[in-house]
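Each chain, written out:
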Amino acid sequence: MGCARNCWLGNPSAHPEALADQTAAWLADYFTPTLHPVINATGVIIHTNLGRAPLSGAAQAAITAVGGHYNTLEYDLASGQRGSRTVHAEQVLRRVAGAEAAVVVNNNAAAMLLMLSGLCAGQEVLISRGQLVEIGGGFRIPDILRQSGAKLVEVGTTNRTHLRDYAQAIGPNTAAILVVHASNYQIIGFTSAPEMSELAELTRKHGLYLLYDQGSGALLDTAAYGLAHEPTVQEGLQVGADVVAFSGDKLVGGPQTGILVGRSDLIHTLKQHPLARAVRADKLALASLSATLEHYLKGEAEREIPIWRMMARPLADIRATAEAWAGHFTAAGLPATTRPDVSTVGGGSLPGTSLPSHVVAIPTSHPNQLAARLRQATPPIIGRIQSDHLLLDPRTVLLGQEGAGVG
Ligand SMILES: *Cc1c(COP(=O)(O)O)cnc(C)c1O
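It should be emphasised that the depicted structure is a prediction, and the values quoted were computed from it without experimental measurement. (Residues numbered from 1 in each chain as written. Predicted model: local features only at pLDDT ≥ 70, side-chain atom pairs only at ≥ 80, totals over all residues. Heavy atoms only, no water.)

Caption draft 1: Region of interest: the packing of helix α4 (residues 87–97) against helix α12 (residues 283–297). Two elements in contact, α4 and α12, have axes whose closest approach is 9 Å; the angle formed by their N-to-C orientations is 25°. On the basis of their axis angle, the class for α4 and α12 is roughly parallel. Crossing angle aside, the handedness with which α4 passes α12 is left-handed. Taking contact as the criterion, the partners of H88, A89, V92, L93, R95 and V96 in α4 are, on α12, L286, L289, S290, L293, E294, Y296 and L297. Of the residues assigned to the contact of α4 with α12, the class counts are 9 nonpolar, 2 polar and 2 charged. (Axes fitted to C-alpha atoms, helices over the stretch in contact; angles between N-to-C directions. Helix = DSSP H or I, 4+ residues; strand = E, 2+ residues; numbered from the N terminus. Parallel < 35°, antiparallel > 145°, perpendicular 65-115°, else oblique. Left-handed = near helix turned anticlockwise from the far one by under 90°. Contact = heavy atoms within 4.5 Å. Nonpolar A, V, L, I, M, F, W, Y, C, P; charged D, E, K, R; others polar.)

Here you go:
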């Protein structure tokens, strides 16, 4: 609001009321935080630019309770002595993932850095050329590997890597095989990669670690929602990965965290590593992650965790909402129709698969201008432009936000 300020400074004869209004507008703008809620009508469920997973009610309540009070972050009530922050999410993670041990850090990139630094620094890590990926925001798996002090050894080709490629690359200085799940891309056509179980057998035979960057943190089977099957964290452990790394704010549906689960001796080593302190999770993340994971333990994830509720939302329900919104827009002088379209999971999860949805379509010859207008609403509404229409997908609009800013 530089203008309001300049107008005020440059126009001393303005009416006092006008001055007061301009000052109020300028102050409101001055004190508006840049980080605030928006309405996600894009149809992308885990939208990285819009904060990934919105939290469940219980996860939000846990943040308020722990954040607003002194708490047991590093205090053992039984002994009255110093405790460890690593215990809080660990027990529930062990139960949900079926893991021996777990540790929570700042995000999955940090989890990978810790895992590779703690277990492979100064040694070689084998990775398929088909898995040397960029995870978004310009961050690349090979760079994280190098940063850890581990030496990257590429095996196979972009589209095909065989078990023998790994076997032939094993040398006296090899520490591990790293498998990176293709979470944000697909290699289709003439492709081949060994099964995780084959790699587990190979690593066991040679005394190496099998490390698995599962990425999305799927703890439920996405196939139950009409999506492709995303390999779950539990499956990774069952087929023999020694440590599995994943994000807490993708398909887990919790706060930004990175989670490592697996063998207790290895997790113990990682907890002792100096980097563990540098990348540790804060109390708000630990509180809300524990609350989120508890939903899985109680079998209520689909009902309580917003991203799973969105995936499970019936098409008829979405369609009814779209039709109601179209009515509101039309009544407000912005003629709108509805039509079938698709939502996506996003967040580097399940590329190439989508969920049938039903969207509001607002025809306009200036879609960018209309989109900008909706972004100025309170709260801002973020839609999707498709040629000469602005589309709003009700699937990703949270209960309680419906109706806001519309009409
Ligand atoms: C998302 C992702 C990461 C990075 O996780 P952050 O939580 O964003 O740090 C790493 N690997 C894979 C396979 C991913 O999908």
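From this point on, the discussion continues.
Caption draft 2: Expanded view of the side chain of S216. Tracing the backbone through its elements, the reader meets S216 in the loop between β11 (209–215) and α9 (233–238). Within the local environment of S216, its side chain forms a polar contact with the backbone nitrogen of A218, the two atoms lying 3.5 Å apart. When neighbours within four sequence positions are excluded, S216 is seen to be in contact with E230, S247, K250, L251, V252 and S349. (Polar contact = N/O pair within 3.5 Å; in protein donor to acceptor, adjacent residues only side chain to side chain.)

Caption draft 3: Layout of the site of the ligand. Neighbouring the ligand are R52, N107, N108, A109, I135, H181, S183, D213, G215, S247 and K250. Between an oxygen atom of the ligand and a main-chain N or O atom of A109, the distance comes to 2.8 Å. In the complex, 93% of the free accessible area of the ligand, which totals 380 Å², lies under the protein chains. Of all the secondary structure elements, the ones that give two or more residues to the shell around the ligand are α5 (108–120) and β11. Here the residues of the shell around the ligand sort into 2 nonpolar, 6 polar and 3 charged. (Near = heavy atom within 4 Å. Areas by Shrake-Rupley, 256 points an atom, 1.4 Å probe, with all protein chains shown as cover.)

Caption draft 4: Quick look at the side chain of T257. Topologically, T257 is positioned in the loop between β12 (243–247) and β13 (258–262). Judged by its relative accessible area of 1%, T257 falls in the buried class. Those residues in contact with T257, other than ones at most four positions away along the chain, are V104, V105, N106, N107, N108, F246, S247, G248, A285 and L289. (Buried < 20%, exposed > 50% of the residue type's maximum accessible area, 1.4 Å probe, protein only.)

Caption draft 5: Broad picture of the pairing of β13. Of all the 5 residues making up β13, 5 are buried; the element is thus mostly covered by neighbouring parts of the structure. Neither face of β13 is exposed, since G258, L260 and G262 on one face and I259 and V261 on the opposite face are all buried. Across 5 bridges, the pairing between strand β5 (residues 101–105) and β13 is antiparallel. Note that in β13 the partner of A102 across the bridge is V261. Bridge count between β12 and β13: 5 bridges; the pairing is antiparallel. Counterpart to S247 in the pairing with β13 is G258. (Pairing = 2+ DSSP bridges.)

Caption draft 6: Examining the packing of α5 against helix α10 (residues 264–272) more closely. Contact geometry of α5 with α10 gives a least axis separation of 9 Å together with a crossing angle of 100°. Compared by their axis directions, α5 and α10 come out roughly perpendicular. Within the contact between the two elements, α5 uses L114, M115, G118 and L119 and α10 uses L266, T269 and L270. In the contact of α5 with α10, the residues fall into 5 nonpolar, 2 polar and no charged.

Caption draft 7: Summary view of the domain arrangement of the chain. Domain parsing of the chain yields domain 1 (20–52 + 309–396) and domain 2 (57–304). Taking only C-alpha atoms, the centre of domain 1 and the centre of domain 2 are 32 Å apart. Facing the 15 residues of domain 1 at the interface are 18 residues of domain 2. Here domain 1 and domain 2 share an interface that buries about 1,400 Å² over both sides, 63% of which is from carbon and sulfur atoms. (Domains from an automatic or database assignment. Buried area = accessible area lost by both parts, 1.4 Å probe.)

Caption draft 8: Layout of the packing of aromatic side chains. Applying the stated criterion across every chain yields a total of 3 aromatic pairs. Geometrically, the ring pair formed by Y30 and F31 is edge-to-face, given 5.0 Å between the ring centres and 90° between the ring planes. Y30 sits in the exposed class, given a relative accessible area of 55%. With a centroid separation of 5.3 Å and 50° between ring planes, the pair formed by Y225 and W308 is classed as tilted. Note that Y225 is positioned in the loop between β11 and α9 and W308 in helix α14 (residues 306–312), a separation of 83 residues in sequence. No difference in accessibility class separates Y225 from W308, as the two residues are buried. The structure contains a cluster of three or more aromatic residues connected by ring pairs, namely W26, Y30 and F31. (Phe/Tyr/Trp six-rings, centres within 6.5 Å; stacked < 30°, edge-to-face > 60°.)

Caption draft 9: Region of interest: the confidence of the model for the chain. Per-residue pLDDT for the chain averages 92, and the proportion of residues at 70 or more is 95%. Note that pLDDT drops below 50 for residues 1–6; the model gives that stretch 6 contacts with residues more than four away or on any other chain. (pLDDT = per-residue confidence, 0-100.)

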